[in-house]
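Residue-level structure breakdown
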Amino acid sequence: LLEVDGSDADALADLCRLKAAAGEHAAVASLLVRRIDVEMTPEGRLALRRELAALYAGPLADQASATSAYEALLDEEPNDMGAIEALEGIYERAQRWQDLQGLIERRLDLAETDRERIAGRVRLARLSEQAFGRRTDAMEQLRDVLSLDAHNDEALDELERLMALEKQWD
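This is a predicted model, so every value here is computed, not measured.

What counts, and at which threshold
Residues numbered from 1 in each chain as written. Predicted model: local features only at pLDDT ≥ 70, side-chain atom pairs only at ≥ 80, totals over all residues. Heavy atoms only, no water. Helix = DSSP H or I, 4+ residues; strand = E, 2+ residues; numbered from the N terminus. Buried < 20%, exposed > 50% of the residue type's maximum accessible area, 1.4 Å probe, protein only. Expected span 1.5 Å × (residues − 1). Axes fitted to C-alpha atoms, helices over the stretch in contact; angles between N-to-C directions. Parallel < 35°, antiparallel > 145°, perpendicular 65-115°, else oblique. Left-handed = near helix turned anticlockwise from the far one by under 90°. Contact = heavy atoms within 4.5 Å. Salt bridge = Lys/Arg side-chain N within 4 Å of Asp/Glu carboxyl O.

Some remarks on unusual backbone geometry
Of note, the phi angle at Ala61 is positive, near 50°, even though the residue is not glycine. Relative to the helices and strands, Ala61 resides in the loop between helix 3 (42-57) and helix 4 (63-76). Classification of Ala61 by relative accessible area gives exposed; the value is 55%. Positive phi is not limited to glycine here, since Gln95 has a value of about 55°.

As structure tokens, this is what we get:
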């Protein structure tokens, strides 16, 4: 059927299920790419992109393709927290610090609670210090945390440690 009509969504879906059941992950990935191209609904494309990215990140252990798949997912749905979280892990393992910083900043833009904002700012502070060597930026992030929660012990301890390293005794 696919030789006659390579864009038959039902045939692609059925063949994908058969190949998945047989453990033919590379074939499933190839079929998912084809399914994404013929899928008409945005929700369907997003679900297929998630499946493809998880396949690359998991059984195929292809980090470059997983990265591309998650980035394509974010291009189509910029607020997909699952894709953001997955890419954060990939970028961190690959030491792609600038890309990681961008994702954490995107997460901050999407944050709905002070708790989420605090977690993002703490991560940015650590990244600023450890990956970029920018203690001043880290201290600014921690001050932002304290503006949200003046009694945040983690931010207070980190800020104290950084100020001591910078010899900011006053």
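Side note on helix 3
The terminal C-alpha atoms of helix 3 lie 22 Å apart, and with 16 residues this matches the ideal 22 Å at 1.5 Å per residue to within 8%. Buried within helix 3 are the following residues: Gly44, Leu46, Leu48, Arg49, Leu52, Ala53, Leu55 and Tyr56.

What about the packing of helix 2 (residues 25-38) against helix 3?
The geometry of helix 2 relative to helix 3 is characterised by a closest axis approach of 10 Å and an angle of 155° between their N-to-C directions. Viewed along their axes, helix 2 and helix 3 adopt a mutual orientation that is roughly antiparallel. Our pair here, helix 2 against helix 3, has a crossing hand that is left-handed. Across the interface between the two elements, His25, Val28, Ala29, Leu32, Val33, Arg35 and Ile36 from helix 2 touch Arg45, Leu48, Arg49, Glu51, Leu52, Leu55 and Tyr56 from helix 3.

Concerning the pattern of salt bridges
Scanning all chains against the criterion turns up 19 salt bridges. A salt bridge links Arg49 to Glu76, with the shortest nitrogen-to-oxygen separation between them at 2.8 Å. Of this pair, Arg49 sits in helix 3 while Glu76 sits in helix 4, and the two are 27 residues apart along the sequence. Glu76 sits in the partly exposed class, given a relative accessible area of 26%. One salt-bridge network, in which partners are shared between bridges, spans Glu85, Glu88, Glu92, Arg107 and Arg123.

Function-wise, these values are silent; they only describe arrangement.
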